[in-house]
Amino acid sequence: MMNVPLNIALMLERAETFFPKKTVISRMKHGIVRHTYREIGERTRKLASALKQLGVQPGERVGTFAWNHHRHLEAYFAIPGIGAVLHTINIRLSPQHIAYIINHADDRVLLIDDDLLPLIEKVKDDIPSVKAFIIMTDESELPNTTLSPVYHYEELLKEGDARFSLVKDIDEHSPAGMCYTSATTGNPKGILYSHRAIVLHSMALGLADSAALSESDVAMPVVPMFHANAWGLPFAAAWFGTTLVMPGAAFTPQILAQMMEAEKVTLAAGVPTVWLGLLNELEKGTYDLSSVTRILCGGSAAPKGMIRAFEEKYRIPFIHAYGMTETSPLVVLSRLKSYQQHLSGDEKLDIRAKQGFLVPGVEMKVVGKDGDVEWNGAEMGELCLRGPWIADEYYNDERSKEAFRDGWLYTGDVVTVDEEGFIKIVDRTKDVIKSGGEWISSVDLENALMAHEAIFEAAVVAVPHPEWQERPIACVVVKEGKSVTKEELYDFLRPQFAKWWLPDDIVFMSEIPKTSVGKFLKLKLREQLRDYFANVQ
Ligand code: ADP
């Protein structure tokens with residue numbers, strides 16, 4: 001067979017050649033704008049030529065600091081299209097972490113949305129590697145800024161070459177993209193995505209038993225383009241000729257619902273908090289979302305009640321998926337097998353609320369205390385993954401040694417696997433509570449507590465224990481206008497868990513500390529608890 005290198009430029013070329021009339025719809029400052037893939041192709045080539053003019057060399061990193069819209073999509077193809085590396089920067093990181101990753105990646109040029117300028121201005125003196133700032137704005141004039149030198153995106157495009165040739169004769173293993181994990185401990189860790197990984201991952205998104213992304217879809221990535229490449233959807237969508245709907249800056253659930261209705265979105269992708277917000281909105285307003293054939297949800301566990309509400313009340317099919325920045329991200333997705341269809345509604349929901357089983361192309365093993373765990377839905381172990389779109393190291397980072405061992409990525413996620421191979425995430429390795437040689441899932445306890453009508457949020461963490469090594473402590477936030485006592489919560493938990501699983505204490509709090517992407521910050525919580533216990537003793 002021919003040894004043809006897999007390459008991102010080929011994906012854009014396919015969109016230009018076969019789908020020049022299909023569109024990318026973006027919510028911009030002054031309203032909705034539409035571009036055909038022909039226009040996107042021309043604009044991408046112009047941007048690529050402009051970046052070359054600015055002196056960007058193959059292999060150098062170009063950062064983006066932007067929402068989901070057509071300009072960001074153009075950068076997705078233009079930067080790898082000159083052999084450089086697209087570094088999508090998470091706009092929600094702290095200024096220290098933003099400066100850290102720009103320096104660590106050694107970004108040469110930054111493309112920045114005008115409304116996000118203040119965040120980069122804050123760190124401008126700490127990012128000496130950046131030689132040019134390109135401002136993405138809908139206004140004809142550049143905004144006032146302390147950054148320098150600055151360029152106007154649209155002005156650069158005016159001088160760009162619409163027929164510029166994107167590089168294709170590039171080693172498929174060379175880096176095309178880069179993303180840092182949001183740090184829960186220490187500094188963020190960088191992942192380099194190769195051309196090959198992005199192409200193969202895109203192909204996996206198109207498989208019928210996976211996300212089944214196709215030309216006939218109207219896809220709305222709500223997941224940010226700065227978070228694991230918006231789950232690879234922008235790349236795959238252009239390749240397949242899929243219409244893209246980009247929700248733009250600071251959207252609300254109402255805006256999402258309106259866009260989904262107006263553009264007849266068929267597939268939308270995002271984290272559970274986005275869908276909880278949409279659900280809330282659907283209860284308030286009247287929307288016709290009958291075009292939606294699936295919502296793809298991952299990033300943290302999708303509550304069963306939410307899946308049920310979407311499917312039973314609004315007839316919107318829901319697919320639970322799992323991945324990490326390190327895994328491009330799609331690796332596991334929850335779809336019933338054909339012979340599971342006869343099960344009762346509740347049984348099916350129980351299975352589909354798990355994260356699912358592997359998409360074709362990746363392999364897993366689950367390592368417990370005594371080696372590979374049994375697939376019985378009960379034994380817990382750490383999920384390890386390998387495959388062509390799984391990272392094999394962190395970029396220039398000592399911490400690679402911990403996560404990448406003997407050809408596997410140790411995900412740090414503790415799972416059970418049922419007889420059918422469906423995994424269920426029960427914890428992070430650093431959060432699982434090791435009590436007397438057994439493991440207690442903090443997530444199971446949290447979910448049980450959050451199912452109580454008076455509880456808004458619950459996080460369970462381990463505290464050191466002289467006899468049992470570790471014991472669970474629950475922290476809860478009570479819903480506004482509700483009240484509940486500790487004893488009532490224990491009465492609620494008791495029938496659901498073995499006695500030794502019950503938390504040693506339940507602490508009431510006004511809020512649970514969270515990461516920049518809304519996950520519980522358990523490290524911080526453990527510190528707070530240490531202070532709390534020091535004060536009560
Ligand atoms: P971070 O930067 O926080 O690591 P990622 O998006 O890479 O951001 O997070 C990956 C982690 O998110 C996984 O290791 C897992 O713990 C969690 N996660 C992702 N999807 C799911 C899911 N469907 N259910 C539960 N946890 C999930």
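In the block above lies the structure referred to throughout.
A. Structural detail: the sheet that holds strand β13 (residues 294-297). Read across the sheet, nine strands follow the order β2-β1-β11-β10-β12-β13-β14-β15-β16 without closing on themselves; strand pairing throughout is mixed. The sheet is open, and its two borders are formed by β2 (31-36) and β16 (357-358), each paired with just one other strand. Strand direction decides the pairing type here: strand β10 (residues 218-221) and strand β11 (residues 243-246), joined by two bridges, are parallel. Bridge pairing links alanine 219 to leucine 244 in β11.

B. Fine view of the environment of leucine 445. Mapped onto the elements, leucine 445 comes out in helix α15 (residues 442-450). Residue classification places leucine 445 among the buried positions, given a relative accessible area of 0%. C-alpha of leucine 445 to C-alpha of valine 477: the two residues are 32 residues apart in sequence and 14 Å apart in space. Sequence-distant contacts of leucine 445, that is, excluding residues within four places in its chain, are made with Ile440, Val460, Pro472, Phe497, Trp501 and Pro503.

C. Expanded view of the sheet that holds strand β6 (residues 132-136). A sheet is described by the order of its strands in space; here seven strands give the open sequence β7-β6-β5-β3-β4-β8-β9, paired in mixed fashion. One side of each edge strand has no neighbouring strand; the edge strands of this open sheet are β7 (150-152) and β9 (190-194). The average angle at which neighbouring strand axes cross in this sheet is 25°, direction not considered. Summarising the sheet, strand β3 (residues 61-65) and strand β4 (residues 85-88) pair through four bridges and their orientation is parallel. The residue bridging threonine 64 from the neighbouring strand is threonine 88, located in β4. Set on the sheet, helix α7 (residues 195-206) makes contact with β8 (175-180) and β9; between it and β9 the angle comes to about 75°.

D. Here's a closer look at the pairing of strand β17 (residues 363-368). Of the two faces of β17, only the one carrying Met364, Val366 and Gly368 is buried; Glu363, Lys365 and Val367 on the other face are not. Judged from the five bridges that link them, β17 and strand β19 (residues 381-386) form a sheet pairing that is antiparallel. Along β19, the bridge assignment pairs lysine 365 with cysteine 384. Looking at chain direction, β17 and strand β18 (residues 371-372) are connected through two bridges and run antiparallel. By the bridge assignment, glycine 368 is partnered in β18 with glycine 371. As consecutive antiparallel partners, β17 and β18 are separated by two residues.

E. Quick peek at the layout of surface pockets. Considering only enclosed or pocket space, the second largest pocket measures out at about 480 Å³ in volume. Lining the second largest pocket are 26 residues, with Leu192, Ile390, Ala391, Asp392 and Glu393 sitting closest to its centre. When residues of the lining of the second largest pocket are traced back to their parent elements, those giving at least two are β9, α7, β19, β20 (404-405) and β21 (408-417). It is β9 that contributes the most residues to the lining of the second largest pocket, four residues altogether.

F. Inspection of unusual backbone geometry at higher detail. Put simply, serine 148 and proline 149 share a cis peptide bond, and its omega is -5°. Within the secondary structure layout, proline 149 lies in the loop between β6 and β7. Positive phi, normally seen in glycine, also occurs at alanine 212, with a value near 55°. Tracing the backbone through its elements, the reader meets alanine 212 in the loop between α7 and β10. One non-glycine residue with positive phi stands out, namely alanine 230, at about 45°. Take alanine 230: its relative accessible area is 0%, and that puts it in the buried class.

G. Examining empty space enclosed by the protein more closely. Following the criterion strictly, the structure yields one cavity of 30 Å³ or more and no others. Each pocket or cavity is described by its volume, and for the largest cavity that value is around 50 Å³. Taken together, Tyr193, Ile198, His201, Ser202, Asn229, Gly232, Phe235 and Ser328 make up the lining of the largest cavity. Sorting elements by how many residues they give to the lining of the largest cavity places α7 first, with three residues. Residues belonging to the lining of the largest cavity are distributed by class as follows: three nonpolar, five polar and no charged.

H. Structural context of the nonpolar core. By size, the foremost hydrophobic cluster in this structure holds 91 residues, and its most contacted members are Tyr37, Phe77 and Leu111. Listed in part, the 31 residues of the second largest apolar core include Val292, Met306, Ala309 and Phe310.

I. How the structure looks around the packing of aromatic side chains. Taken as a whole and assessed by the stated rule, the structure comprises eight aromatic pairs. Plain terms: the ring middles of phenylalanine 357 and phenylalanine 422 are 5.1 Å apart, the flat faces sit at 70° to each other, and that makes the pair edge-to-face. Residue phenylalanine 357 is found in strand β16, and its partner phenylalanine 422 is found in the loop between β21 and β22 (423-428); the two are separated by 65 residues along the sequence. These aromatic residues form a ring-pair network of at least three members: Tyr76, Phe77 and Phe235.

Thresholds, definitions, all that
Residue positions within a chain follow its written sequence, with the count starting from 1. Only residues with pLDDT of at least 70 get local features here, since the model is predicted, and only at 80 or more are side-chain atom pairs given and counted; chain-wide, interface and lining totals rely on the full set of residues. Heavy atoms from the whole structure form the basis of all side-chain values; hydrogens and water molecules are not counted. Here a strand pair is declared whenever DSSP counts at least two bridges between the two strands. For helices the rule is a DSSP run of H or I covering at least 4 residues; for strands it is a run of E covering at least 2, with both sets numbered from the N terminus onward. Exposed residues in this analysis have more than 50% of their type's maximum accessible area, buried residues have under 20%, and partly exposed residues fall in between, with area computed by a 1.4 Å probe over protein chains only. Contact definition: two residues touch when any of their heavy atoms are within 4.5 Å. An axis is simply a line fitted to the C-alpha atoms; with a helix, the fit covers only the stretch in contact. Between two such axes, the angle follows the N-to-C directions and lies from 0 to 180 degrees. A cavity, in this analysis, means grid points on a 1 Å lattice covering only the protein atoms where a 1.4 Å probe fits yet has no way out; a pocket is instead an open set bounded by protein on both sides within 12 Å along at least five of seven lines, and a residue lines either one if it has an atom within 4 Å of a point. Grid points are joined across faces, edges and corners, and a volume is the space filled by probe spheres set on the points. The nonpolar class holds Ala, Val, Leu, Ile, Met, Phe, Trp, Tyr, Cys and Pro. Asp, Glu, Lys and Arg form the charged class, and all remaining residues, Gly among them, are polar. Side-chain atoms within 4.5 Å are what join buried Ala, Val, Leu, Ile, Met, Phe, Trp, Tyr and Cys residues into a set we call a nonpolar core. Classification of ring pairs uses Phe, Tyr and Trp, with its six-membered ring standing for Trp, and accepts pairs whose centres are within 6.5 Å; under 30 degrees between planes counts as stacked, over 60 as edge-to-face, and the remaining range as tilted.

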